[in-house]
Amino acid sequence: YFSTPALAVDAEEAVATDRLGHIRVAVRVRPLPSGEDGIIEVAGSNAIAVKKEAATGGNEHLRSQQGRVEERSFDRVFGPLATQAEVYDWTCAPLVEEAVSGGKNATVFVYGATGAGKTYTMFGDAPRAQQGVIFRGVRDVFQRLEGAADDGGNFQVKVSFLELYNESVNDLLQEHGGGGLCKVLEDERRGIVKVQHLREVEAKNADEALQHLEAGMLARTVEATAANFQSSRAHAAFTLTVERVARVQPEPNRMSFGRGAGQEARQLHSRICFIDLAGSERAKATLNHGASLKDGARINQSLLALANCIDALTARGREKVPTLRKKAPYRDSKLTLMLKSSLTGDGLVAMIANVHPGRTHFEDSNNTLEYAKRASSVRQPARRNSWALLPSPTGACSTPHGRSGPSLGT
Ligand code: ADP
Ligand code: MG
């Protein structure tokens, strides 16, 4: 029969939840381009050393600090030689496992200034000999699902791929090119956020899912060129929606009147989302005039809202009296609205903070590290989506056999 650790509520799970029940933060330092002066060095798997620099036009305090080396610790630090596989294994694999086997929603995002290595981390390098974490995630998801299916499970995967630019959502998987603008709608009563008209395409296996990913990446490049904007100013999100039916042994501590000792068919829903965020550099450094300033302001609005949500969650973790909890401002941007379910404790979140070790990138790197530090202090109760019992006409429980079992989804 199909058994899953999702039903085992024991000490082991408590430990796992504690381990995963906060934003999992890793810092990744990209290689220093030749000829550049480095100010950030990796000091082991948990620390980096930052040589203090005077900020441009920096204040006296910063000037007095110049030249000092400060060590900062993080949950995990990846240096310039870290492989994509190592980064995936620590930052993403545990979330993917929990999402697939435990029915949680998972979000992985890369944060950092333009040039810090976000897109390299997410997508990898052309022709992608060093495939990024999305490719690895897609393969991992299907490998786990196919393994479970061999044991009598049943699954359906859909993928979607969108870009958020200037606070508008563009569907990268629209069939006829040209994209499609989608509205982000919140159903407050049911507590869900939906991106209206966003194409969700079924993928039977990893290769199919990756074909859609590639097509979306191509659309992204073409549209960026046509619209004359840089993709560094847009957020891109690739999402896998997984529905599973599995035969499970009833929970030992649950009353099962009239159900006999047989197995139960359960349905489980989870979402895994990978986000390549827009560059986090300050508007003043890169954008000076007209339309681009407006774009910059809007992109900052999304990133600012994300920072504010993370701040609110941090405050929540420190708060002793629950009623005093600060409300996270999810509605301030489309990005945070779409991430709501992941940031409210329903989901698992991993953040990879990308930094450039060069001297000229000091301010950006410093900001990213501070942000990463704040994010890593967020603690939230991670909750599993419950396995819903499938209704069956006979009153007994239906038991799907293999992949041709009962249809999935609604
Ligand atoms: P971002 O998306 O943050 O603007 P990119 O991912 O485009 O930055 O990285 C900028 C450049 O640095 C690219 O040419 C990329 O290939 C290179 N790069 C970034 N990170 C790494 C890495 N870990 N190893 C090798 N090259 C990297
Ligand atoms: Mg990029």
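Residues numbered from 1 in each chain as written. Chains lettered and ligands numbered in written order. Predicted model: local features only at pLDDT ≥ 70, side-chain atom pairs only at ≥ 80, totals over all residues. Heavy atoms only, no water.

Identification of the protein chain as Kinesin motor domain-containing protein from Prorocentrum cordatum is taken from an unreviewed UniProt entry.

**Side note on the UniProt feature "binding site: ATP" (unreviewed entry) in the protein chain**
Here the UniProt-annotated "binding site: ATP" (unreviewed entry) positions come out as G112, A113, T114, G115, A116, G117, K118 and T119. A residue is classified by how much of its surface remains accessible, and A113, at 5% relative accessible area, is buried. Setting aside anything within four residues of it in sequence, one finds A113 in contact with K118, G279, S280, E281, N354, D364 and T368. Mapped onto the elements, T114 comes out in the loop between β6 (105–111) and α5 (118–122). Engagement of the side chain of T114 in a polar contact is seen with the side chain of E281, the distance being 2.6 Å. (UniProt positions renumbered as here; feature names shortened; annotations may be inferred. Buried < 20%, exposed > 50% of the residue type's maximum accessible area, 1.4 Å probe, protein only. Contact = heavy atoms within 4.5 Å. Helix = DSSP H or I, 4+ residues; strand = E, 2+ residues; numbered from the N terminus. Polar contact = N/O pair within 3.5 Å; in protein donor to acceptor, adjacent residues only side chain to side chain.)

**Concerning the pairing of strand β3 (residues 47–51)**
In summary, the side chains of a regular strand alternate between the two faces of the sheet. With four of its five residues buried, β3 lies for the most part within the structure. Counting the residues in the hairpin turn of strand β2 (residues 40–42) and β3 gives four residues, including G44, whose phi is positive at 100°. Sheet topology note: the β3/strand β4 (residues 69–73) ladder contains five bridges and is antiparallel. Its bridge partner being in β4, A49 is matched across the sheet by E71. (Pairing = 2+ DSSP bridges.)

**Examining the nonpolar core**
V138, F161, L213, L240, I272 and F274 are the most contacted members of the largest nonpolar core, which totals 47 residues. I272 has contacts with V96, A99, V100, A106, V141, F238, T239 and L240, leaving out every residue within four places of it along the chain. Membership of the second largest hydrophobic core comes to 46 residues, among which are V29, V195, Y330 and Y371. (Core = buried A, V, L, I, M, F, W, Y, C linked by side-chain atoms within 4.5 Å.)

**Digging into the site of ligand 1**
The immediate surroundings of ligand 1 are formed by R28, R30, P31, A113, T114, G115, A116, G117, K118, T119, Y120 and D125. Taking A116, its main chain carries an N or O atom lying 3.3 Å from an oxygen atom of ligand 1. T119 places a side-chain nitrogen or oxygen 2.8 Å from an oxygen atom of ligand 1. Starting from 560 Å² of accessible surface for ligand 1 in isolation, the protein chains cover 72%. The element that contributes the greatest number of residues to the shell around ligand 1 is α5, accounting for three residues. Class assignment of the residues belonging to the shell around ligand 1 gives a composition of four nonpolar, four polar and four charged. (Near = heavy atom within 4 Å. Areas by Shrake-Rupley, 256 points an atom, 1.4 Å probe, with all protein chains shown as cover. Nonpolar A, V, L, I, M, F, W, Y, C, P; charged D, E, K, R; others polar.)

**Here we look at the pattern of salt bridges**
All chains considered together, the criterion is met by 13 salt bridges. With a shortest N-O distance of 3.7 Å, D276 and R220 are connected by a salt bridge. Here D276, found in strand β14 (residues 264–276), pairs with R220, found in helix α7 (residues 206–226); they are 56 residues apart in sequence, far enough to count as distant. Its relative accessible area of 3% is what places D276 among the buried residues. Judged by relative accessible area, which is 8%, R220 ranks as buried. Connected via shared salt-bridge partners are K52, R68, E70, R72 and E370. (Salt bridge = Lys/Arg side-chain N within 4 Å of Asp/Glu carboxyl O.)

**Some thoughts on the environment of D37**
As for its placement among the helices and strands, D37 is situated in the loop between β1 (24–29) and β2. For the pair formed by D37 and A149, sequence separation is 112 residues and the distance between their alpha carbons is 52 Å. Apart from residues no more than four positions distant in its own chain, D37 is found in contact with L32, P357, G358 and R359. Reaching out from D37, the side chain makes a polar contact with the side chain of R359 at a distance of 2.2 Å.

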